[in-house]
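Survey of secondary and tertiary structure
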Amino acid sequence: MNPKQLMDQYQLEPRKGLGQNFLHDPNMLDKIIKTADAQNGERLLEVGPGTGALTVKLAESHPDSPIVAVEIDRRLEPVLSQTLAPYPNVRVIYEDFLRVNLNEHFPPDRAWKVVANIPYYITSDILWQIFACQHRPNRVVLTLQFEIGERICAKPNEMSRLAVMVQFYGQPQLVAKLPSAVFWPRPEVDSAILRVETHPTPPIDIPSEKLFFQVVKAGFSQKRKQLRNSLSSGLALSGAVADQLLQQAQLDPKRRAETLTLEEWGQLTRAVAEHMPD
Ligand code: SAM
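Every value quoted in this text rests on a predicted model; they were computed, and no experiment measured them.

As for the pairing of strand E4 (residues 90-94)
Taken together, the five bridges between strand E3 (residues 67-71) and E4 define a ladder with parallel strand orientation. Opposite valine 70, over in E4, you have isoleucine 93 as the bridge partner. As a crossover connection, the stretch from E3 through helix H4 (residues 77-83) into E4 is right-handed.

So, the sheet that holds strand E5 (residues 112-117)
The strand order across the open sheet formed by seven strands is E4-E3-E2-E5-E6-E9-E7, and the pairing between neighbours is mixed. Two strands lie at the open edges of the sheet, namely E4 and strand E7 (170-178), each paired on one side alone. Here the average twist between neighbouring strands, direction ignored, is 20°. Helix H3 (residues 53-61) rests against strand E2 (43-47), E3, E4 and E5 of the sheet, and its axis sits at about 145° to E5.

Description of the pattern of salt bridges
All chains considered together, the criterion is met by 14 salt bridges. For glutamate 209, the salt bridge identified is with arginine 136, shortest N-O distance 3.4 Å. In this pair, glutamate 209 sits in helix H9 (residues 209-219) while arginine 136 sits in the loop between helix H6 (123-131) and strand E6 (139-145), placing the two residues 73 residues apart along the sequence. Given the relative accessible area of 29%, glutamate 209 is considered partly exposed. The exposure class assigned to arginine 136 is partly exposed, which follows from its relative accessible area of 28%. Salt-bridge contacts for glutamate 258 lead to arginine 224; the nearest nitrogen and oxygen are separated by 2.9 Å. With glutamate 258 in the loop between helix H11 (239-248) and helix H12 (262-275) and arginine 224 in the loop between H9 and helix H10 (227-234), this residue pair connects regions lying 34 residues apart in the sequence. Judged by relative accessible area, glutamate 258 falls into the buried class, the value being 10%.

A look at the site of the ligand
Residues in close proximity to the ligand total 23 residues, the closest being Gln20, Gly48, Glu71, Asn117 and Tyr121. The separation between a nitrogen atom of the ligand and a polar main-chain atom of glycine 48 is 2.8 Å. Measuring from a nitrogen atom of the ligand, one finds a side-chain N or O atom of aspartate 96 at 2.9 Å. In the complex, the protein chains occlude 99% of the 590 Å² of accessible area that the ligand would expose alone. Judged by the fraction of its atoms near the pocket grid, the ligand is located in the largest cavity.

Here we look at the domain arrangement of the protein
How big an interface is tends to be stated in terms of the accessible area lost upon association of its parts. We note that the domain assignment places domain 1 (3-198) and domain 2 (209-275) within the protein. With centres defined by C-alpha atoms, the gap from domain 1 to domain 2 works out at 34 Å. Facing 13 residues of domain 1, the contacting portion of domain 2 comprises 12 residues. Summing the contributions of domain 1 and of domain 2, the shared interface buries around 1100 Å²; its carbon and sulfur component is 72%. When the buried area of domain 1 at its contact with domain 2 is split by residue, Arg161, Val164 and Phe168 rank highest and sum to 46% of it. Counting across the interface, domain 1 meets domain 2 through one salt bridge. The interface formed by domain 1 and domain 2 holds five residue pairs in polar contact (both at pLDDT 80 or more) in total. Examining the composition of the side of domain 1 that touches domain 2, we find that six residues originate from one element, helix H8 (residues 161-169), more than from any other. Split by residue class, the side of domain 1 that touches domain 2 holds seven nonpolar, three polar and three charged.

Side note on the packing of H6 against H8
Running from amino to carboxyl end, H6 crosses H8 at an angle of 30°, the nearest separation of the two axes being 11 Å. Overall, the two elements H6 and H8 adopt an arrangement that is roughly parallel. Our pair here, H6 against H8, has a crossing hand that is left-handed. Contacts between H6 and H8 pair Ser124, Leu127, Trp128 and Phe131 from the former with Arg161, Leu162, Met165, Val166 and Tyr169 from the latter. A per-class count over the contact of H6 with H8 returns seven nonpolar, one polar and one charged.

Topic: the layout of surface pockets
Each pocket or cavity is described by its volume, and for the largest pocket that value is around 480 Å³. Lining the largest pocket are 21 residues, and of these Arg151, Met159, Ser160, Phe220 and Lys223 sit closest to its centre. Where the lining of the largest pocket is concerned, the elements lending two or more residues are H6, helix H7 (146-152), H8 and H9. Split by residue class, the lining of the largest pocket holds six nonpolar, six polar and nine charged.

Digging into the nonpolar core
One finds Leu45, Phe212, Leu231, Trp265 and Leu268 to be the most contacted residues of the largest nonpolar core, which totals 64 residues. With seven residues, the top contributor of residues to this core is H8. When we break this core down by domain, the ones giving at least three residues each are domain 1 (3-198) and domain 2 (209-275). When near neighbours in sequence (up to four residues on either side) are disregarded, leucine 45 contacts Val68, Val70, Phe97, Leu102, Phe106, Trp112, Lys113, Val114 and Val115. Membership of the second largest hydrophobic core comes to 32 residues, among which are Leu23, Ala59, Ile67 and Leu80.

Procedures and definitions
- Residues numbered from 1 in each chain as written.
- Predicted model: local features only at pLDDT ≥ 70, side-chain atom pairs only at ≥ 80, totals over all residues.
- Heavy atoms only, no water.
- Pairing = 2+ DSSP bridges.
- Helix = DSSP H or I, 4+ residues; strand = E, 2+ residues; numbered from the N terminus.
- Right-handed = clockwise from strand over helix to strand, strands pointing away.
- Axes fitted to C-alpha atoms, helices over the stretch in contact; angles between N-to-C directions.
- Contact = heavy atoms within 4.5 Å.
- Salt bridge = Lys/Arg side-chain N within 4 Å of Asp/Glu carboxyl O.
- Buried < 20%, exposed > 50% of the residue type's maximum accessible area, 1.4 Å probe, protein only.
- Near = heavy atom within 4 Å.
- Polar contact = N/O pair within 3.5 Å; in protein donor to acceptor, adjacent residues only side chain to side chain.
- Areas by Shrake-Rupley, 256 points an atom, 1.4 Å probe, with all protein chains shown as cover.
- 1 Å grid on protein atoms, 1.4 Å probe; cavity = no way out; pocket = protein on both sides within 12 Å on 5 of 7 lines; lining within 4 Å.
- Sits in = over half its atoms within 2 Å of the grid points.
- Domains from an automatic or database assignment.
- Buried area = accessible area lost by both parts, 1.4 Å probe.
- Nonpolar A, V, L, I, M, F, W, Y, C, P; charged D, E, K, R; others polar.
- Parallel < 35°, antiparallel > 145°, perpendicular 65-115°, else oblique.
- Left-handed = near helix turned anticlockwise from the far one by under 90°.
- Points joined across faces, edges and corners; volume = space filled by probe spheres on them.
- Core = buried A, V, L, I, M, F, W, Y, C linked by side-chain atoms within 4.5 Å.

Here you go:
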């Protein structure tokens, strides 16, 4: 049964505020599964199973994979109990995904992947939450808003804090553009399938991830301002010290955060670390 028929059967209306645009096109569901290319046995995470269309396909094609699906909307419990009844390898957790402790569900003993058609209103929080896990997934495949996917894959000159974060952890690529007709109800924006191949080792040499992200956050704290200004206000430094750090990192203080490469953020983080050990 497709999502609309299931929702009608249980007399439920999709909630716009929860990003409930259900994917009903079997070809697109197959494309997502193919893009994930998960081994049978790998752990899988789905954020927002909805009525279970993607979950069923995942469970059918990976009978030995423990699948965790996190759904915030408890109204969907009877629907998911019906659609997922034949699949004992799926565990649905009814909770806000942003409150789930992923370290508990994805310990380092097995590789894992994320495969999901996510609620668009929390895309960036979902990505931060996934990559904050101590044992990271080796691949993340998400359906998201096309423009956000483009932003994540941006090159220097158009970088954002989100792009730096995702590209620090992995290599993002847009795999397909999805027309709104493959969803019910249709979203008002274009969608895309994004694949992020996680880097096995960090792509740059930095003293600490925490400091790296503090520096990046400071750099992007003032939109379109020169790095000298955004760093001094974001890291509570004088303009002269910010200048000195940028010089040490061989960066022109007039540059803007969106122009920096990952390696240049690394240079800057190393300069900041030397200036403020710990
Ligand atoms: N996977 C289904 C599909 O492809 O048809 C549903 C996708 S729909 C775009 C997003 C789903 O995420 C909805 O079922 C919604 O209730 C759920 N959701 C929204 N916010 C959530 C949150 N904070 N935590 C977990 N699930 C959430």
